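Next come the chains, spelled out residue by residue.
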Amino acid sequence: MKKYDTVIIGAGNGGLACACMLAKHGQKVLLLEQSHIPGGFATSFKRGRFEFELSLHELCTFGRDENHSGAVRQLFDCLGISDKIEWVDIPEAFRLITSVQGSKFDAEMPFGIEEFCEKAEYYAPGCKKEMKRLFDLDEEIRITLQKLGKAKNKAAQLAVLLQKGGLLHTAAYSVDEVLEKINMPEKAKAIFKAYWAYLCTDFENLSFFHYLSMINAYVELKSVVPKSRSQEMSNCLADYFTSHSGELWLNSKVVKINTENNRCTSVVLNDGTVIEADNFVCNCSPHVAYGQLIEHEKIPEFEIKKANAQKFGGRGFCVFLGLNKSAEELGLKNYSYFIFPDMDSVKQFERMGKPETNDVQNTVCLNAAHPSASPEGTCMLCMTTLFTSDYWSSVTSENYFKEKERFAEHMIDVFEKATDINIKDHIEEIEIATPETFARFTGTPQGTIYGYLGQKWDGVMPRTMMANKKDGFDNLYFAGGYCERMLGFSSALASGRDCAARICRDAVINGRETL
Amino acid sequence: MKRLVIKSFKDDLNGFLNLVPNRIKAINESNADPLPKEYGVNALALELHPSELELTVSDTTEITDGVRILSLVPDKKTVLPFFRAGQSINIKNESFSTPFSILSSPGSDKYEIAVFSDNKDNVSRHLYDLQIGSKIRTSGPEGFFYYISLRDKNTITAFCDNQGAPALISMAKSIADKTESYSLKIVYFDKDSDYIFRDILNNIPSVSAEYVADYSEIKADCGKAFVSGTESFCEACIQRLPDARINIVNPKQCSGETTEEFQCTVTFRDKKFVFTCKSNETLLSAFERNSVPSAAKCKAGECGYCRCKLVEGQVETVNIHSVDSLRQADKKYNFIHPCRSFAKSDLILAL
């Protein structure tokens, strides 16, 4: 008899969430992690007096309270861990610094749909009604989706679709295609578009539905971060898992998945250990699973073609700064700064391919939400951008350190210029994470941190509609940011839960388990 | 709310109905070539941070009684990873490991390290007697003790003792060969005035070194000082330069007399190790003696690789100054760094 029902490769957000849900359902699960610590990108690190968050800017869909919550709180509630994590509320939606029609545009936006629309009206008179209409549309689409899920057959589904029409009319279109039909001043459109770097797909390609649901999740539900950085979430999930009979093996890299007759049979670890199981979950990209772990000849052709058709999303680049003055002293009033040269996402996406032209950044000052996150009289800034090309694979090892420092300095310059705040004279600690850093610690191809790019044909909607279709191995599943819900903490966590649900469903179908 | 029609009812509906067929079509039109096994970014990451290197001793020079400099080179196929002057490599021997500062320049085609026969750790003893041609296993370059132009001032004052000198020699060499551009003033402390590395330092152009034999000479200068040396030297410096950046060389894994012995149980994967640990040794040295696998690197509480969970029992953690990389969330969930922890009772630990 096999020792494990399910073996999960990778203890990132998706792998941890899946592991916890399966353990809750009584499965015997082994979670394998190549690193010495669980969490994947959900972690932190210390330099001198500072503990830096690696990747979480703000967690959406946890929600502001029990009555205004989304997928993440529902997952944590289901595991009974929502209250075990200390949460910090993010004070405001964002500060946008960009240019609109050739002039500088600087807007501070609050959470709450009403407040958000009111403030947008202040910056762009005459936009409130249309802005509100967009948020209403999201609500309508959500209700339609819930009804669709309950509809018993195709005719009933069609009836639901036709009833309101918001989903039907917008589902196939990009953000730009829909916004063209919305009569709003350019400044209001800039405000609406401010979250674009969170998905890093240009608005000619990005699904309107996907973007709208994301911006609504932030603005309506507000966002939070764990007080002790995202490692607190990772530790909490790992703790739940191991205290529900789950086995977590760290420093355990999987080098091979064995298969037979379209089924995975076992995994092989770097020290040669072979582990058999009924089901296998990859909390890594299909590119890694199919390119590095499974023999090419054994893989269903459609899965190979799918991976070849997909493109990698943004490759991460972050500058972490520990500053020797408080946020207040420096004038860092805001938590999240979106800085774009202009709001032309197609142009910016292109320019983000090269360091000379990448001027896009999202910078977070954790102390603005959590003043004692660093010692008194200090604060932390984390600047993030993405590269939309494989530029960093052309760097040589001799130039690597100089290149990363040069670009980090450029990011600091961009921030100083946009905010008129002196940063450079106050740097006590600095760390720079490049695509190489993300590749080194997680093995993600080319240092990609944003999963597969949301190409027009490959957006969240068609991916989700195909998610239950089994095109690959009968007992191989995927969880995390490369899946149908796409990138981001809340998507990856929710995808882990979806994955666990599919495994339980298939176990019932195959007669291995009863409901 | 008025319906928002994007193109026309028919086009919008068809667009919706075609989402899945269009995706299937795009996938079917793609190629079925094998997916890449390697990626440029990942290959460079591995080149800079190999999980393990096999190096050969190409030269060994006794610079004074009890101190030898070993030159280490890779085989012809391997590129020696580039590093930041001031970093270390961790050298392994069976289940034991010890970090050594690299004293050569990042531009050099070899890693040079200094081995002190007085250091009683298993790896130093093993290395000291190695002949030319011997092979050793090391980590890639590690550690955060190096100059960063965005952070540090143009002139750095750095303090060292004999054991801490190699890291500063590498920094001086990196300036001499123009890998780095800043000016470095070294204050070399040795109470016996032996200054083992004085000749090497004096042969590096453009480095200014001052040789002192009294702690009163360790004085605050402008900006943050760099301090490299043994634990006791670092502690003495920190009293005078509280915010210095420190590089602890050869961190102590044992101190004082054994007063008590405790039973320690460690679980790793599906294995269980049960052994006795002494009250005066770090848990990590007990791990090494008992062949418990550990990813440890710096042994000074800084790198965090030995992180493990304290399931039951009490430990005392002795951190050196501010060097404590244990995360807040790790403290909350009872994780410890065995390299800086001493048993206070019988223990159960999970790796």
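Analysis parameters
Residues numbered from 1 in each chain as written. Chains lettered and ligands numbered in written order. Predicted model: local features only at pLDDT ≥ 70, side-chain atom pairs only at ≥ 80, totals over all residues. Heavy atoms only, no water. Helix = DSSP H or I, 4+ residues; strand = E, 2+ residues; numbered from the N terminus. Rg over C-alpha atoms; globule rule 2.2 N^0.38 Å. Contact = heavy atoms within 4.5 Å. Areas by Shrake-Rupley, 256 points an atom, 1.4 Å probe, with all protein chains shown as cover. Buried < 20%, exposed > 50% of the residue type's maximum accessible area, 1.4 Å probe, protein only. Lys, Arg positive; Asp, Glu negative; His and termini not counted. Charge placed at Lys NZ, Arg CZ, Asp CG, Glu CD. Salt bridge = Lys/Arg side-chain N within 4 Å of Asp/Glu carboxyl O. Pairing = 2+ DSSP bridges. Expected span 1.5 Å × (residues − 1). Domains from an automatic or database assignment. Buried area = accessible area lost by both parts, 1.4 Å probe. Core = buried A, V, L, I, M, F, W, Y, C linked by side-chain atoms within 4.5 Å. 1 Å grid on protein atoms, 1.4 Å probe; cavity = no way out; pocket = protein on both sides within 12 Å on 5 of 7 lines; lining within 4 Å. Points joined across faces, edges and corners; volume = space filled by probe spheres on them. Nonpolar A, V, L, I, M, F, W, Y, C, P; charged D, E, K, R; others polar. Polar contact = N/O pair within 3.5 Å; in protein donor to acceptor, adjacent residues only side chain to side chain.

**Focus: the overall build of chain B**
When helices and strands are tallied, chain B shows nine helices and 18 strands. Compactness check: chain B gives a C-alpha radius of gyration of 26 Å against a globular reference of 20 Å for 351 residues, more than 25% above the reference. Expressed along its principal axes, the backbone C-alpha trace of chain B runs to roughly 90 × 55 × 50 Å. The long-range share in chain B, meaning contacts at least 24 apart out of those at least 6 apart in sequence, stands at 64%. For chain B, the exposed surface amounts to about 15500 Å²; the carbon and sulfur share of it is 48%.

**Examining the overall build of chain A**
In terms of helices and strands, chain A carries 18 helices and 18 strands. Overall, chain A is about 65 × 60 × 45 Å in size when its C-alpha atoms are taken along their principal axes. The buried share of chain A, reckoned over its 515 residues, is 66%. Intrachain contacts of chain A at a sequence separation of at least 6 include 71% that bridge at least 24 residues. Of the roughly 18600 Å² of accessible surface on chain A, 48% is carried by carbon and sulfur atoms. Counting 58 positive and 69 negative side-chain charges, chain A places the centres of these two groups 4 Å from one another.

**Here we look at the pattern of salt bridges**
One pass over the full model with this rule turns up 54 salt bridges over all chains. For Arg137(B), the salt bridge is made with Glu52(B), and the minimal N-O distance between the two is 3.4 Å. Linking Arg137(B) in strand E6 (residues 135-138) with Glu52(B) in the loop between helix H3 (40-48) and strand E1 (53-64), this pair joins segments that are 85 residues apart in sequence. Bridged by salt links that share partners, the residues Glu86(A), Lys227(A), Glu232(A) and Lys332(B) form one connected network.

**Brief notes about the pairing of E6(B)**
Residues and elements named next belong to chain B. Of the two faces of E6, the one holding Ile136 and Thr138 is buried and the one holding Lys135 and Arg137 is not buried anywhere. In the sheet, E1 pairs with E6 via four bridges, with the strands oriented antiparallel. Along E6, the bridge assignment pairs Thr56 with Lys135. Taken together, the two bridges between strand E3 (residues 88-93) and E6 define a ladder with antiparallel strand orientation. Within the sheet, the bridge partner assigned to Lys92 lies in E6 and is Arg137.

**Points about helix H15 (residues 397-419) of chain A**
For H15(A), spanning 23 residues, the distance from its first C-alpha to its last is 34 Å, which sits close to the expected 33 Å at 1.5 Å a residue. Asp420(A) occupies a position one or two residues after H15(A) and carries a positive phi of about 60°.

**Some points on the domain arrangement of chain A**
Residues and elements named next belong to chain A. Taken domain by domain, chain A comprises domain 1 (4-43 + 71-86 + 227-310 + 453-509), domain 2 (110-221) and domain 3 (314-445). Taking only C-alpha atoms into account, the centre of domain 1 sits 30 Å from that of domain 3. Between domain 1 and domain 3, the contact holds 11 residues from the first and 11 residues from the second. Both faces combined, the contact of domain 1 with domain 3 buries some 780 Å², and carbon together with sulfur accounts for 63% of it. Considering only the side of domain 1, the residues that lose the most area to domain 3 are Gln34, Phe41 and Arg229, jointly responsible for 50% of the buried surface there.

**With respect to the nonpolar core**
With 136 residues, the main nonpolar core has Phe76(A), Phe94(A), Met131(A), Phe192(A), Tyr195(A) and Tyr211(A) as its most contacted residues. Residue contributions to this core peak at nine residues, all from helix H9 (residues 208-221) of chain A. Excluding residues that lie within four positions of it along the chain, Tyr211(A) makes contacts with Val175(A), Phe192(A), Lys193(A), Ala194(A), Tyr195(A), Trp196(A), Leu199(A), Phe203(A) and Leu206(A). Ranked by size, the runner-up nonpolar core spans 41 residues in total, among them Ile97(A), Leu323(A), Met411(A) and Ile148(B).

**Overview of empty space enclosed by the protein**
Residues and elements named next belong to chain A. Within the structure shown, the criterion is met by five cavities of 30 Å³ or more. In this model, the largest cavity occupies a volume close to 490 Å³. Around the largest cavity, the lining is made up of 26 residues, and of these Glu303, Lys306, Ala467, Phe478 and Glu484 lie nearest the centre. For the lining of the largest cavity, the secondary-structure elements that each account for two or more residues are helix H11 (286-293), helix H12 (301-309), strand E18 (476-478) and helix H18 (489-509). For the lining of the largest cavity, the residue count by class is 13 nonpolar, three polar and 10 charged. Approximately 150 Å³ is the volume attributed to the second largest cavity. Put simply, the parts of the chain that give the lining of the second largest cavity at least two residues each are strand E4 (50-53), strand E8 (224-226) and strand E16 (379-387). Of all the elements, E16 adds the most residues to the lining of the second largest cavity, at three residues. For the lining of the second largest cavity, the residue count by class is 11 nonpolar, one polar and two charged.

**Structural notes on the interface of chain B and chain A**
A common measure of how large an interface is: the accessible area buried when the components associate. Between chain B and chain A, the contact holds 70 residues from the first and 100 residues from the second. Between chain B and chain A lies a buried interface of about 7600 Å² when both sides are counted; carbon and sulfur atoms form 60% of it. Of all residues in chain B, the largest losses of buried area upon contact with chain A belong to Arg23(B), Leu150(B) and Arg269(B), amounting jointly to 12% of the total for that side. Linking chain B with chain A are 38 residue pairs in polar contact (both at pLDDT 80 or more), by the criterion used here. Among the elements of the structure, helix H1 (9-17), helix H2 (19-28), H3 and helix H9 (328-332) of chain B are those that each provide at least two residues to the side of chain B that touches chain A. Residues that form the side of chain B that touches chain A fall into these classes: 34 nonpolar, 12 polar and 24 charged.

**A look at the layout of surface pockets**
Residues and elements named next belong to chain B. In this structure, the second largest pocket occupies an estimated 620 Å³ of space. The set of elements that each furnish at least two residues to the lining of the second largest pocket consists of strand E4 (96-101), helix H4 (122-128) and helix H8 (283-289). In terms of residues, the lining of the second largest pocket owes the most to one element, E4, which gives four residues. Partitioning the lining of the second largest pocket into residue classes produces five nonpolar, nine polar and 11 charged.

**Examining the domain arrangement of chain B**
All names here are of chain B. Considered domain by domain, chain B is made up of domain 1 (50-138), domain 2 (155-248) and domain 3 (261-350). A straight line from the C-alpha centre of domain 1 to that of domain 2 covers 21 Å. At the interface, 20 residues of domain 1 touch 16 residues of domain 2. In this assembly, domain 1 packs against domain 2 so that about 1300 Å² is buried in total across both faces, 62% of it on carbon and sulfur atoms. On the surface where domain 1 and domain 2 come into contact, there are one salt bridge.

**So, the side chain of Thr363(A)**
Residue and element names in this part refer to chain A. Secondary-structure assignment places Thr363 in strand E15 (residues 361-364). Only 2.5 Å separates the side chain of Thr363 from the side chain of Gln361, close enough to count as a polar contact. Apart from the residues lying within four places of it in its own chain, the contact partners of Thr363 are Tyr335, Ser336, Tyr337, Leu381, Cys382, Met383 and Phe415.

**Brief notes about H9(A)**
All names here are of chain A. Given a rise of 1.5 Å per residue, 14 residues ought to cover 20 Å, and the 19 Å separating the end C-alpha atoms of H9 matches this to within 8%. The buried count for H9 comes to 12 of 14 residues, which makes it a mostly enclosed element. Check the buried side of H9 and you find it contacts helix H3 (113-123), helix H4 (128-150), helix H6 (166-170), helix H7 (175-179), helix H8 (186-193) and helix H17 (460-465). Put simply, Ser207 is the residue that caps the front of H9, since its side-chain oxygen is 3.3 Å from the backbone nitrogen of Phe209. Just beyond H9, the residue with positive phi is Lys222, at close to 65°.

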